[in-house]
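Chains, contacts and geometry: an overview
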Amino acid sequence: MTKVKSTSPDRMAAIVGDLAAAEEIKALKDLMMALGVKNLDCRQDGAKIGVTASGAKAPRQTYLFNTGIAGVELADAILLVGANPRWDAPVLNARIRKTWLAGPLKVANIGPIVDLTYPVEQLGADIATLEAIANGSHAFTQLLKDAKRPMIILGSGALLTNQAAAATFPWLSPDLPDGTRGVAHLARVPDKQPLIQLSDRPPNLETPIQAFKSAVTPNDQFYVRYHLSGLPEPKSLDSLTLAIGGDAAEKTVTLTMQDLNDLPQNELIAVCQCSGNRRGLVSPHVPGVQWGNGAMGCASWHGPKLRDVLARAGIKSNAVEVWFGGADEPELPVTPEFRKSLPMSKALADETMIATSMNNSPLPLLNGYPIRLIVPGWTSTYWMKHLNQITISSTPIDNFWVTKAYRVPAGMFPVEQPFQTQNNDTSWPITEIVVNSLIAAPIGGEQVERSGFTIRGVAWDRGTGIARVDISLDGGKSWQGALLDRELGRYAFRTFSLDTGAIPRGAMEIHVKATSNGHETQPDVLKANPAGYHNNVPQRINVTVV
Amino acid sequence: MKARALALLLACCVASPMLAQSSLAQSLLAPGDGEDAVETSCSICHSLSYIPMNSRFMTAKVWTAEVDKMRNAFGAPIDDDNAKQIVSYLVAHYGVQPEAGGK
């Protein structure tokens, strides 16, 4: 008690584990409040509670037990969802038993079978049962309808599910497949704020759309994409070296981080965008990781130019491609390793570099620590993470990830610098990023004020720069030019904004469309391709003016 | 449902070790014939979330192509019988009829 008295309330905290019952937790909370302690949390199990769609703190009424304990006695039907009141809240359970003893009370349960002190009808243990009740196809719906004072008790078990997460995050686009909306959830991985996780092995996490109000994406919100589950041991990366050789190299050299730091240094702000960004929004859907809008980011990259690094080994005149490998590996030895190559023209280009830092910090572990290849203007499949191997070659690479994957129909997306050694009659490797734009505020489904609001977002392309961004507030009928902020570089996100001025109440459909200095404009219809790449149809969001 | 009758109640700090361990999230895949084969084979290389994530829009033909890709391109150790069982499970629980899928 002396210790408590001598400690400032803002340096004390209470964390409640899974073994505590509600009444005990309330007693602890009352004690902490009396001591002036505001640092409290009961979500050790990761329950999806307390946060609104936009990431703000949820209002108290969204999670309050709003009838009060005594109110239980008024109920004539109770549905338990993911709760075991006998363990979780014994006082509440005693009230339910008292109510059952006193008169007709029907209790039903969805979730694990629980042993209670009154009869309970077991309806099921999955979300489908809940959906059936909600849409009226379940017999229990009628009972709820007929009841004078039905009551639903939602336990934290229900809040642990990914489905609960999807329901809590309406900013997952409604255009995503239902299954994706079901599994997507916020997760924390090393070096990161919570990101939208689509898979954990290999880790694939996208950046929440709110991050794209600014031109530079913070490292701890930058998306994560891996193909193979054999991630390198973090400790082994501290001493990673870069081996350079190949039949078209003058000699073989191994460079350390210090060697890279000793070369002339370059700094460049560039967009790193997954080829499959927005695949999940393609209609009809195509197989693959169902990305929404957030498989991209823009950062300031620092390190030597690739051509200066290659010069350390020397390039023979017969070189046609430079091949790249990283420290991540397949789970099975038979699975093709993830390898990529660049044509000499892009490998030697002024902008192509090796990043030893990202936004003035070491690269996050899952963004390629300690070094990553930076290929501005090209999709991030070429941006090899944990880069440890460079081969200067007189022949084109023959690897699944180049010759079979990451390809688009030949000629469908014209490019300025063709990847000649990998093009064939039917398909080309995906290379240059197509012009695109994204509104990050407001978010689809949000309410906006009739006095007017500001639309903010980013636009980008393969490096010609953004000429204009047009926005429609009436579903595409009329358009107006947005204000473009200063350009941070031709490969960077260009931020834009538009003040709407006063607007009438009601539904509003906002569209956005960018045009590049290369005279490319986002197409109204997707150029359909099997892998759902290059989805740059104008974004459409629906908001309600209130 | 009678007006003003439905009270949505949410007991916030309700948690127990039993719930944490047997929560609704535990079985990621729908129960059914072939579930074990899918869990055993697919999870060698990747998390099972790839399956529900890619639903429901793939026809039997598209699911077959995906399983073939895992076997042929990535070398997943799945024999013919096993592959048939896996595809039929995926189609039954995470697939669509050709008309509905548009593919």
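Residues numbered from 1 in each chain as written. Chains lettered and ligands numbered in written order. Predicted model: local features only at pLDDT ≥ 70, side-chain atom pairs only at ≥ 80, totals over all residues. Heavy atoms only, no water.

Topic: the overall build of chain A
Along its length, chain A carries 14 helices and 31 strands. Its C-alpha atoms put chain A at 95 × 60 × 50 Å along the principal axes. Evaluated residue by residue, chain A yields a buried proportion of 55% over its 546 residues. Residue pairs in contact within chain A that sit at least 24 positions apart in sequence constitute 68% of those at least 6 positions apart. Total accessible area on chain A stands at roughly 23200 Å², and carbon and sulfur atoms take up 52% of it. Averaging the positions of the 51 positive and the 51 negative side-chain charges in chain A gives two centres separated by 5 Å. (Helix = DSSP H or I, 4+ residues; strand = E, 2+ residues; numbered from the N terminus. Buried < 20%, exposed > 50% of the residue type's maximum accessible area, 1.4 Å probe, protein only. Contact = heavy atoms within 4.5 Å. Areas by Shrake-Rupley, 256 points an atom, 1.4 Å probe, with all protein chains shown as cover. Lys, Arg positive; Asp, Glu negative; His and termini not counted. Charge placed at Lys NZ, Arg CZ, Asp CG, Glu CD.)

Comments concerning the overall build of chain B
Helices and strands together make up the secondary structure of chain B, namely six helices and one strand. Ordered by position in the sequence, the α and β elements of chain B form the string β-α-α-α-α-α-α. Pairs at least 24 residues apart make up 65% of the contacts formed inside chain B by residues separated by at least 6 positions. A total of about 5200 Å² of accessible surface is found on chain B, and carbon and sulfur atoms cover 55% of it.

Observations concerning the sheet that holds strand β26 (residues 466–472) of chain A
Residues and elements named next belong to chain A. If you trace the five strands from one edge of the open sheet to the other, you get β24-β31-β30-β26-β27, paired in mixed fashion. Each having just a single partner strand, β24 (447–448) and β27 (480–481) make up the two edges of the open sheet. The pairing of β26 with β27 spans two bridges and is classified as antiparallel. Residue D470 lies in a different strand from β27, and its bridge partner there is G481. (Pairing = 2+ DSSP bridges.)

Concerning the nonpolar core
Counting 73 residues, the largest nonpolar core has L242, W301 and I390 of chain A as the members making the most contacts within it. Membership of the second largest hydrophobic core comes to 21 residues, among which are I439, F453, I455 and V543 of chain A. (Core = buried A, V, L, I, M, F, W, Y, C linked by side-chain atoms within 4.5 Å.)

Some details on the packing of aromatic side chains
Inspection of every chain in the model, using the stated rule, returns 15 aromatic pairs over all chains. For the ring pair F400 of chain A and F74 of chain B, a centre distance of 5.0 Å and an interplane angle of 70° mean the geometry is edge-to-face. Taken together, the positions of F400 of chain A in helix α14 (residues 400–403) and F74 of chain B in the loop between α4 (60–72) and α5 (80–94) put the pair across two chains. Here the guanidinium or amino end of K513 of chain A rests over the ring plane of W479 of chain A, the centre of that ring lying 4.9 Å away. (Phe/Tyr/Trp six-rings, centres within 6.5 Å; stacked < 30°, edge-to-face > 60°. Lys NZ or Arg CZ within 6 Å of the ring centre and 35° of its normal.)

Digging into the packing of α4 of chain B against α5 of chain B
Residues and elements named next belong to chain B. One can describe the packing of α4 onto α5 by two numbers: an axis separation of 9 Å at closest approach and a directional angle of 140°. Relative to α5, α4 is oriented oblique. Helix-helix and strand crossings are classified by hand; for α4 and α5 the assignment is right-handed. Listed contacts from α5 to A60, W63, T64, V67 and R71 of α4 are D80, A83, I86, V87, L90, V91 and Y94. (Axes fitted to C-alpha atoms, helices over the stretch in contact; angles between N-to-C directions. Parallel < 35°, antiparallel > 145°, perpendicular 65-115°, else oblique. Left-handed = near helix turned anticlockwise from the far one by under 90°.)

Observations regarding the side chain of K305 of chain A
Residue and element names in this part refer to chain A. Mapping K305 onto the fold places it in the loop between β14 (296–304) and α12 (306–311). Look at K305 and you get buried, because its relative accessible area is 17%. Once you skip the residues sitting within four places of it in the chain, K305 turns out to touch P264, N266, D350, T352 and M353.

Describing the confidence of the model for chain B
All names here are of chain B. The share of residues in chain B with pLDDT of 70 or more is 70%, and the mean pLDDT across the chain is 77. Within the model, pLDDT remains below 50 along residues 1–26, and this stretch shows 77 contacts once partners closer than five positions in the same chain are excluded. Per the prediction output, this complex has pTM 0.75; the corresponding ipTM is 0.78. (pLDDT = per-residue confidence, 0-100.)

Here we look at the sheet that holds strand β23 (residues 436–441) of chain A
Residues and elements named next belong to chain A. Taken in spatial order, the four strands line up as β23-β25-β29-β28 in an open sheet, and their pairing is antiparallel. Strands with a single pairing partner mark the edges of an open sheet, and in this sheet they are β23 and β28 (483–484). Of the strand pairs in this sheet, β28 and strand β29 (residues 494–499) are connected by two bridges, and their pairing is antiparallel. In the strand pairing of β29, L484 is matched with F496.

Describing the pairing of strand β16 (residues 339–343) of chain A
Put simply, side chains in a regular strand alternate between the two faces of the sheet. Residue and element names in this part refer to chain A. With five of five residues buried, β16 is to be regarded as a mostly interior element. What you see with β16 is no split at all: R339, S341 and P343 on one side and K340 and L342 on the other are buried throughout. Summarising the sheet, strand β15 (residues 321–326) and β16 pair through five bridges and their orientation is antiparallel. Bridge assignment links G325 to a residue of β16, and that residue is R339.

Points about the pattern of salt bridges
Residue and element names in this part refer to chain A. One pass over the full model with this rule turns up 17 salt bridges over all chains. Here R339 and E337 are joined by a salt bridge, their closest N and O atoms 3.2 Å apart. On the basis of relative accessibility, which here comes to 40%, the residue E337 falls in the partly exposed class. Residue R462 pairs with E432 through a salt bridge whose shortest N-O separation is 3.9 Å. One end of the pair, R462, is in the loop between β25 (454–460) and β26; the other, E432, is in the loop between β22 (427–429) and β23, with 30 residues separating them in the sequence. Using a relative accessible area of 7% as the deciding quantity, one classes E432 as buried. Residues participating in the shared-partner salt-bridge network are E416, E432, R462 and E520. (Salt bridge = Lys/Arg side-chain N within 4 Å of Asp/Glu carboxyl O.)

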